[in-house]
Amino acid sequence: MCNNIYKPYLMQIDQIIDETSDAKTFRLKFKNPEEAEKFTFKAGQFGEYSVFGEGESTFCIASSPTRKDYIECTFRKAGRVTNALANMEVGDTLGFRGPYGNTFPIEEWEGKNLLYIAGGIALPPMRCVIWNTIDLRHKYKDITIVYGARSVADLVYKHELKAWEEMPDIRLITTVDPGGQTPDWKGEIGFVPMVLEKAAPSSENTVAILCGPPVMIKFTMPVLKKLGFKDKDIFTTLENRMKCGFGKCGRCNVGKVFVCKDGPVFTNEQLLSMPMEY
Amino acid sequence: METTSKTIRKHSLEKLYASLAENRKMYAPVAEADNRIGYKYNPDFSEVIFDHIQSTLSVKNVVFPRVENVIFYTNNKNDSTVTDVDLNKIPEVVLWGAHPCDTAAYDVLRSIFCWDTKDEFFAKRLEKLVVIGLACHKSDAHCFCTSVGLSPDSTKGSDILLVPLTNGDYKAEILTEKGNRILTDFSGLFEPYQDEETKLTHVEQQFDHKQVTQHLKEAFENPFWVENSLRCIGCGACAYVCPTCACFDIQDEAKGKNGKRYRSWDSCGFGLFTLHTSGHNPREVQSQRWRQRILHKFSYMPERNASLGCVGCGRCSRACPVDMNIAEQLQALQSI
């Protein structure tokens, strides 16, 4: 059959990184070099990752499209598929369908300041676009990253946080919830919205990209408004349950909007025009 | 293609059926136990019925089976393989005697399975299907095709539509190339149509679907959804009998190393349908799920798929164990 939209690419696990006690990052390589050659995606897109015999699970592509010949995904052990994924080893085969969905409009952001704000396991959907814009650093002005987690142990991409910290043209602010710090923690202590308010980045010629648990979004949005950000300049991603990834299975829609086709990237202006079905 | 009208005598129908059955699978309505009407593969012509109001289940399974295997695989840790399903094995099927609501539903399904990304499983099954529709000379209180832009003799989705005549014969409207091929292959069975009187039922229009669609744009937060779904038990029967409901699940099933992945019917009426792994559920209560069902069919689909998601067959109302009647609710919606 020529075009089976349900047929996944076969991927081999090239590298596994333990991010936290329950989150891992996989680096995946295409088993078929021709497929690797043809595959392209853009920052913000996602895919269906599958363990044969267990099923499929939806996450973003967490690596940057500027890094060729592999893709990465980061997931937390939560359900049947992610538990099975967590038990896999380097060299094992898994399935991947994608890329699906829209993208962060990074071309439109050229010449602007970028403010990334993420909480907990929501850094992965943003990591792709962060690296993408860092790799095209000359096209953007100031880049600020505010990242928080419950505790130091819950921070993902620790090695990369260090790399970002050492880059002279990136302002990185990391924070952990009160009580989540370790004796040698040098970052901020406090919830993301408060840390953001204290850091007070300018909204002038700046876009804010926000990903995190609903409670973080809820309290960060007013801070961004206070800092002068317009709804059309605040970007986030939605994460509704999906099965197909191409607008047919019927479960990810928010009103008439398909998160899998029209999203996952939305501006706050778009979200405000949609019903609360996410 | 220009429509041609012919007459086929009652006694010639059996010959047409037998001729088609020679190298195709026939799928036709028969009477089942407990007053149920069901479709069956290759029934004897003597079993096939022509005077049913509505089959219990729709005929969407011909193009959208309850369970469709989409890949097969062998799971070998570092050397797993995936095998395609051979779509060339899909047989040619003649759907015989389906009512206009059910044939029109294929257009609705096409608007879902073939928008943007084409689902080859659906497309191939539809390609291999010849539809011989049968206009309705009977209807009941649940039928509301005329409220959704159809009628007891709509030709949508049929390759040939048989319209009963008062003299017991049938007018055959040849509607597509597939239909024309049958006319050419078995031309001896058809006669010129000479304006003989047709025998059709009358279905009262209960609401104006365009007005409903218009109303629904502003109705998302209306208390109507809670009030009208309190008795809904979320059984999903409406979705399973519906000829246009196409929501599906994708699951794996493996035995040892060998397994398959399939897509299977699902329903937006189930609480698990949208449940996130985190425990969060965007459609947490039944009223939100009922609203989704109505809005999907009468608001989202007209806007996104250029097609109304309902054909007025009335099966959901007939099957509902708590007597929810979609036509009555839509009628009520017009005046909220």
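So, how was this worked out
- Residues numbered from 1 in each chain as written.
- Chains lettered and ligands numbered in written order.
- Predicted model: local features only at pLDDT ≥ 70, side-chain atom pairs only at ≥ 80, totals over all residues.
- Helix = DSSP H or I, 4+ residues; strand = E, 2+ residues; numbered from the N terminus.
- Rg over C-alpha atoms; globule rule 2.2 N^0.38 Å.
- Contact = placed C-beta atoms within 7 Å.
- Buried ≥ 20, exposed ≤ 12 C-beta atoms within 10 Å, placed from the backbone.
- Pairing = 2+ DSSP bridges.
- Axes fitted to C-alpha atoms, helices over the stretch in contact; angles between N-to-C directions.
- Domains from an automatic or database assignment.
- Nonpolar A, V, L, I, M, F, W, Y, C, P; charged D, E, K, R; others polar.
- Core = buried A, V, L, I, M, F, W, Y, C linked by C-beta atoms within 7 Å.
- Parallel < 35°, antiparallel > 145°, perpendicular 65-115°, else oblique.
- Left-handed = near helix turned anticlockwise from the far one by under 90°.
- pLDDT = per-residue confidence, 0-100.

Caption draft 1: Seen up close, the overall build of chain A. Counting secondary structure elements, chain A contains 7 helices and 13 strands. In summary, chain A has a C-alpha radius of gyration of 18 Å against a globular reference of 19 Å for 278 residues, a match within 12%. Taken over the C-alpha atoms alone, chain A extends approximately 55 × 45 × 35 Å along its principal axes. A separation of at least 24 residues holds for 69% of the contacts in chain A among residues at least 6 apart in sequence.

Caption draft 2: Summary view of the overall build of chain B. For chain B, the helix and strand inventory stands at 10 helices and 12 strands. By the compact-globule yardstick of 20 Å for 336 residues, chain B fits well, its C-alpha radius of gyration being 21 Å. Here chain B holds 336 residues, and the buried ones make up 42% of them. Excluding contacts between residues fewer than 6 apart, the proportion of contacts in chain B whose partners are at least 24 apart in sequence is 71%.

Caption draft 3: Quick look at the sheet that holds strand β8 (residues 143–149) of chain A. Residues and elements named next belong to chain A. Spatially, β10-β9-β8-β7-β11-β12-β13 is the arrangement adopted by the 7 strands of the open sheet, whose pairing is mixed. Two strands lie at the open edges of the sheet, namely β10 (188–189) and β13 (265–267), each paired on one side alone. Strand direction decides the pairing type here: strand β11 (residues 206–211) and strand β12 (residues 234–237), joined by 3 bridges, are parallel. By the bridge assignment, I209 is partnered in β12 with F235. Those strands touched by helix α4 (residues 158–166) are β8 and β9 (170–176), and its axis lies near 140 degrees from that of β9. Contacts from helix α5 (residues 192–199) reach β7 (113–119), β8, β9 and β10, with the element oriented near 150 degrees to β8.

Caption draft 4: The arrangement of the pairing of strand β2 (residues 23–30) of chain A in detail. Residue and element names in this part refer to chain A. Relative to β2, strand β1 (residues 9–18) is paired through 7 bridges, and the arrangement is antiparallel. Pairing of D18 across the sheet is with K24, part of β2. Hairpin geometry of β1 and β2 is characterised by an intervening segment of 4 residues between the two adjacent antiparallel strands.

Caption draft 5: Structural view of the domain arrangement of chain A. All names here are of chain A. Annotation of chain A at the domain level lists domain 1 (9–100) and domain 2 (113–237). Taking only C-alpha atoms into account, the centre of domain 1 sits 24 Å from that of domain 2. Tallying the contact residues gives 15 residues for domain 1 and 14 residues for domain 2.

Caption draft 6: View of unusual backbone geometry. Along the chain, A:G98 connects to A:P99 via a cis peptide bond; the corresponding omega equals -5 degrees. Turning to its location among the elements, A:P99 is positioned in strand β6 (residues 93–100). Cis rather than trans, the peptide bond between A:G263 and A:P264 has omega equal to 10 degrees. On the secondary structure map, A:P264 appears in the loop between β12 and β13. Notably, B:N42 is not glycine yet its phi reads approximately 50 degrees, a positive angle. Considering the arrangement of structural elements, one finds B:N42 in the loop between β3 (37–41) and β4 (67–74). Although it is not a glycine, B:K77 sits at a positive phi angle of roughly 45 degrees. Its place among the elements puts B:K77 in the loop between β4 and β5 (81–84).

Caption draft 7: The interface of chain B and chain A, seen in detail. Taken together, the contacts link 42 residues of chain B with 34 residues of chain A. Going through the elements one at a time, β4, β5, α2 (100–113), β11 (248–255), β12 (258–265) and α8 (286–304) of chain B are the ones with two or more residues in the side of chain B that touches chain A. Per element, the largest residue contribution to the side of chain B that touches chain A is 6 residues, and it comes from β11(B). The residue inventory of the side of chain B that touches chain A, partitioned by class, reads 20 nonpolar, 10 polar and 12 charged.

Caption draft 8: Up close: the sheet that holds strand β8 (residues 160–164) of chain B. Residue and element names in this part refer to chain B. Reading across from one edge, β3-β2-β6-β7-β8-β9-β1-β10 is the order of the 8 strands in this open sheet, with mixed pairing throughout. At either margin of the open sheet sits one strand with a lone partner, and together these are β3 and β10 (191–192). One ladder, built from 3 bridges, connects strand β7 (residues 129–134) with β8; its direction is parallel. Bridge assignment links I132 to a residue of β8, and that residue is I160. Where helix α4 (residues 177–185) meets the sheet, its contacts fall on β1 (4–8), β7, β8 and β9 (170–174), and the angle it forms with β9 comes to roughly 125 degrees.

Caption draft 9: Spatial organisation of the environment of B:G279. Relative to the helices and strands, B:G279 resides in the loop between β12 and α8. Look at B:G279 and you get exposed, because 7 C-beta atoms sit within 10 Å.

Caption draft 10: Quick look at the nonpolar core. If you look at the biggest cluster of nonpolar residues, it comprises 156 residues, and the most contacted ones within it are A:Y116, B:L95, B:L109 and B:V311. Both of domain 1 (9–100) and domain 2 (113–237) of chain A provide at least three residues apiece to this core. Not counting chain neighbours up to four residues away, the residues in contact with A:Y116 comprise A:M126, A:I130, A:T144, A:I145, A:V146 and A:I209.

Caption draft 11: Spatial organisation of the packing of α2(B) against helix α3 (residues 120–127) of chain B. Residues and elements named next belong to chain B. Orientation of α2 relative to α3, taken along the N-to-C sense of each, is 150 degrees, at an axis distance of 10 Å. By the angle class used here, α2 and α3 are roughly antiparallel. Of the two elements, α2 crosses α3, and the hand of that crossing is left-handed. Residues Y106, L109, R110 and F113 of α2 form the contact with α3, whose participating residues are F122, A123 and L126. Among the residues forming the contact of α2 with α3, the class breakdown is 6 nonpolar, no polar and 1 charged.

Caption draft 12: Highlighting the confidence of the model for chain B. Of the residues in chain B, 100% reach a pLDDT of 70 or more, and the chain-wide mean stands at 96. Here the predicted complex carries an ipTM of 0.93, next to a pTM of 0.94.

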